[in-house]
Amino acid sequence: MLKILYRLFGVFKKKDNLKIGFYGPPNAGKTSLANLLCKDWTGEELGSVSEVPHETRHVQFKEKVEIEHKGKKMVLKIVDTPGIATKIDYEDFLGYGIAKQDAKKRAKEATQGIIEAIKWLDDMDAVVIVLDSSENPYSQVNLTIIGNLLARKIPVLVVANKIDLRKSNVKKMEAAFPEYPVVGISARKATNMNEFYDALFKLTKRV
Amino acid sequence: MRVKKNNKLKGLSIHIMPYSEIRELTITERVKKILNLILGNRVVILQGRLRPEEEIRLIEDTMAMVDHIKTFKGIELAVVDSNKEEGFFLKMRRGIARGLTGESGSLTVIGPANVVKEIKKDPSKIEVFF
């Protein structure tokens, strides 16, 4: 209810510490990007990253991240969420050399993490959807997340991550989500971050 | 359904669900009905599409079940749209506006992840791998 009132009287809303959620499928680079921002502007990273899917299994956040770009400032609460998936199989983790018991524990935590990420959706002021630009953008999980943000009228920025990979295709991402701004970056190599910050400032203006 | 040694499927069970079957149900009842069929190892082909909040609830409840049922690994989900020319956002907006998504001309395929290996999707086609 408060959220609706805030939206109705948006002009009076204090735009400091806006909650920006990082959403997307597993292994798209949400935590890598969140780490890059937090490290640059607070000196501390947010969470660990790994090639094993579902490394982030709890919502993690950093308050009061003050970002300065081209003479403008804003303060954000960065909310990094577990990757959303429709299936979790502990056997998938065994291939990465994880012991069976640990893989089962990881799978259990991952399912709970997905539920937690979904519950946080309602609480976001704006969302950065992080996708792997070398993967097919038309997965139902991506469309379901975007559909829910559209229904909730939450502003969205699509980040096409991993542009350093040979199979990366930012144009395909733009074609899949023509109504949203799409920025191609590499969080791992910190490529195109100027364009990302331009888009992030524009995103917060739409809140 | 059983898988023979040569990996060919035997007795794949598909449930065709007209939208009228879930029209009068609440979101909780709809998701429960679909998940009950999936837990019975059936692939559900639903006339129309679920609303975004129903899709996300389906994922949420699926995860709760994966957590509690040892052999259940989750679902594969995809929506096939009849009108390729109309963009995703227009369809989604119309769906949200109408609140009744059974008349959208779409088909939704939902299957248990251990039966449906993968649903590959792009705007013009869909491939289901068993």
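Predicted model only: the values in this text are computed from it and were never measured.

## Overview of the overall build of chain B
So, point 1. Along the backbone of chain B there are three helices and eight strands.
So, point 2. Going from N to C terminus, chain B has its helices and strands arranged as β-β-β-α-β-α-β-α-β-β-β.
So, point 3. Across the 130 residues that make up chain B, the buried fraction comes to 42%.
So, point 4. The contacts in chain B between residues at least 6 apart in sequence include a share of 69% that link residues at least 24 apart.
So, point 5. Accessible surface for chain B amounts to roughly 7,000 Å². Of this, 51% is attributable to carbon and sulfur atoms.

## Describing the side chain of E76 of chain B
So, point 1. Along the chain, the position of E76 of chain B falls in strand β5 (residues 75-81).
So, point 2. By relative accessible area, which is 9% here, E76 of chain B ends up buried.
So, point 3. At 2.5 Å, the side chain of E76 of chain B forms a polar contact with the side chain of K87 of chain A.
So, point 4. Those residues in contact with E76 of chain B that lie beyond four places of it in its chain are T86 and K87 of chain A together with V109, I110, G111, A113, V116, K117, E118 and I119 of chain B.

## Thoughts on the layout of surface pockets
So, point 1. Here the largest pocket is characterised by a volume of approximately 1,300 Å³.
So, point 2. Elements with a minimum of two residues in the lining of the largest pocket: α3 (91-94), β4 (126-132) and α5 (140-151) of chain A together with β5, β7 (118-122) and β8 (125-129) of chain B.
So, point 3. Here the element with the most residues in the lining of the largest pocket is β7 of chain B; it accounts for five residues.
So, point 4. Here the lining of the largest pocket is built from residues that sort into 18 nonpolar, eight polar and 16 charged.
So, point 5. Along the wall of the second largest pocket there are 29 residues; nearest its centre are A28, G29, S32, V49 and S50 of chain A.
So, point 6. Element by element, the count of residues in the lining of the second largest pocket is highest for helix α2 (residues 30-42) of chain A, at six residues.
So, point 7. A breakdown of the residues in the lining of the second largest pocket according to their chemical character gives eight nonpolar, 13 polar and eight charged.

## A closer look at the sheet that holds strand β3 (residues 72-80) of chain A
Residues and elements named next belong to chain A.
So, point 1. Spatially, six strands are ordered β2-β3-β1-β4-β5-β6 in an open sheet, and the strand pairing comes out mixed. The outermost strands of the open sheet, each flanked by one partner alone, are β2 (60-69) and β6 (182-184). Averaged over neighbouring strand pairs, the angle between their axes works out to 30° when direction is ignored.
So, point 2. Direction of pairing for β2 relative to β3: antiparallel, over a ladder of eight bridges. In the sheet register, K62 faces β3, and the bridge partner there is I78.
So, point 3. Lying on the sheet, α2 is in contact with β1 (18-23), β2, β3, β4 and β5 (156-161); it crosses β2 at an angle near 60°.

## Some details on the packing of helix α4 (residues 100-120) of chain A against helix α2 (residues 52-68) of chain B
A pair of packed helices is characterised by two quantities: the angle between their axes and the separation of those axes.
So, point 1. As a packed pair, α4 of chain A and α2 of chain B sit with axes 9 Å apart at the nearest point and diverge in direction by 155°. In terms of orientation, α4 of chain A and α2 of chain B fall into the roughly antiparallel class. Like other packed secondary-structure pairs, α4 of chain A and α2 of chain B cross with a definite hand, here left-handed. Where α4 of chain A approaches α2 of chain B, its residues K108, T111, Q112, I114, I115, I118 and K119 of chain A are matched on the opposing element by I56, I59, E60, M63, A64, V66 and D67 of chain B.
So, point 2. A class-by-class count of the residues in the contact of α4 of chain A with α2 of chain B yields eight nonpolar, two polar and four charged.

## Structural notes on the pairing of β1 of chain A
All names here are of chain A.
So, point 1. Along β1, five of the six residues are buried, which leaves the element largely enclosed by surrounding structure.
So, point 2. Sheet topology note: the β1/β4 ladder contains four bridges and is parallel. Counted as the bridge partner of I20 is A126 from β4.

## A closer look at the packing of aromatic side chains
All names here are of chain A.
So, point 1. Applying the stated criterion across every chain, the model contains three aromatic pairs over all chains.
So, point 2. Relative to W120, the ring of F61 has its centre 5.6 Å away and its plane inclined at 35°; by these criteria the two rings are tilted. With F61 in strand β2 and W120 in helix α4, this pair connects stretches of sequence that are 59 residues apart.
So, point 3. On the basis of relative accessibility, which here comes to 38%, the residue F61 falls in the partly exposed class.
So, point 4. Taken together, W41, F196 and Y197 form an aromatic cluster joined through their ring pairs.
So, point 5. Stacked on the ring of Y90, the Lys or Arg K104 has its end atom at 5.2 Å from the ring centre.
So, point 6. If you follow R106 out to its NZ or CZ, it ends over the ring of F93, 5.4 Å from the centre.

About the thresholds
- Residues numbered from 1 in each chain as written.
- Chains lettered and ligands numbered in written order.
- Predicted model: local features only at pLDDT ≥ 70, side-chain atom pairs only at ≥ 80, totals over all residues.
- Heavy atoms only, no water.
- Helix = DSSP H or I, 4+ residues; strand = E, 2+ residues; numbered from the N terminus.
- Buried < 20%, exposed > 50% of the residue type's maximum accessible area, 1.4 Å probe, protein only.
- Contact = heavy atoms within 4.5 Å.
- Areas by Shrake-Rupley, 256 points an atom, 1.4 Å probe, with all protein chains shown as cover.
- Polar contact = N/O pair within 3.5 Å; in protein donor to acceptor, adjacent residues only side chain to side chain.
- 1 Å grid on protein atoms, 1.4 Å probe; cavity = no way out; pocket = protein on both sides within 12 Å on 5 of 7 lines; lining within 4 Å.
- Points joined across faces, edges and corners; volume = space filled by probe spheres on them.
- Nonpolar A, V, L, I, M, F, W, Y, C, P; charged D, E, K, R; others polar.
- Pairing = 2+ DSSP bridges.
- Axes fitted to C-alpha atoms, helices over the stretch in contact; angles between N-to-C directions.
- Parallel < 35°, antiparallel > 145°, perpendicular 65-115°, else oblique.
- Left-handed = near helix turned anticlockwise from the far one by under 90°.
- Phe/Tyr/Trp six-rings, centres within 6.5 Å; stacked < 30°, edge-to-face > 60°.
- Lys NZ or Arg CZ within 6 Å of the ring centre and 35° of its normal.

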